[in-house]
Amino acid sequence: IDFDLILENVKDLNVLVGEGVSHIEHRPGGARLRQPEPIPLTLYQNGITMCNGPFRPYKDPSTQQCLQDIMDGYLPSELQRHYPDGI
């Protein structure tokens, strides 16, 4: 696992999805500025946690796919079902 590449690509993906950019959220009677909710990703020596979910060891195939997506420069494909319109 290339941790340097993962960190570099996470930074690039954060910029791509608008890190630090506020969006207008229309509400009854007005609107407010809202920043996108972050998706927490924690890298450990032997696995990861993402979206405040359970610990996932690196040997798990779904963890390997998630990290491969990131190393390829894409948002993890597993997030598509939670964010069908993108994030």
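Above: the structure in question.
Quick summary incoming for the structure in this document. (Residues numbered from 1 in each chain as written. Predicted model: local features only at pLDDT ≥ 70, side-chain atom pairs only at ≥ 80, totals over all residues. Heavy atoms only, no water.)

**Points about the packing of helix H1 (residues 3-16) against helix H2 (residues 61-71)**
Running from N to C, H1 and H2 cross one another at 65 degrees; their axes reach a closest spacing of 8 Å. Here the hand of the crossing between H1 and H2 comes out left-handed. Each of Leu 5, Ile 6, Asn 9 and Val 10 in H1 lies in contact with H2, whose residues at this interface are Leu 67, Ile 70 and Met 71. The residue makeup of the contact of H1 with H2, split by class, is six nonpolar, one polar and no charged. (Axes fitted to C-alpha atoms, helices over the stretch in contact; angles between N-to-C directions. Helix = DSSP H or I, 4+ residues; strand = E, 2+ residues; numbered from the N terminus. Left-handed = near helix turned anticlockwise from the far one by under 90°. Contact = heavy atoms within 4.5 Å. Nonpolar A, V, L, I, M, F, W, Y, C, P; charged D, E, K, R; others polar.)

**Description of the sheet that holds strand S5 (residues 56-57)**
Reading across the sheet, the three strands line up as S3-S4-S5 and stay open at both edges, with antiparallel pairing between neighbours. This sheet does not close on itself; its edge strands, each paired only once, are strand S3 (41-43) and S5. Across three bridges, the pairing between S3 and strand S4 (residues 47-50) is antiparallel. Counted as the bridge partner of Thr 42 is Thr 49 from S4. (Pairing = 2+ DSSP bridges.)

**Some thoughts on the pattern of salt bridges**
A side chain of one charge can pair with a side chain of the opposite charge if their charged atoms are brought near each other. Across all of its chains, the model carries four salt bridges by this definition. Put simply, Glu 25 and Arg 27 hold a salt bridge, and the shortest N to O gap is 3.8 Å. Two residues, Glu 25 and Arg 34, come together in a salt bridge whose shortest N-O distance is 3.3 Å. For Arg 34, a relative accessible area of 38% corresponds to the partly exposed category. In this structure, a network of salt bridges that share partners links the residues Glu 25, Arg 27, Arg 32 and Arg 34. (Salt bridge = Lys/Arg side-chain N within 4 Å of Asp/Glu carboxyl O. Buried < 20%, exposed > 50% of the residue type's maximum accessible area, 1.4 Å probe, protein only.)

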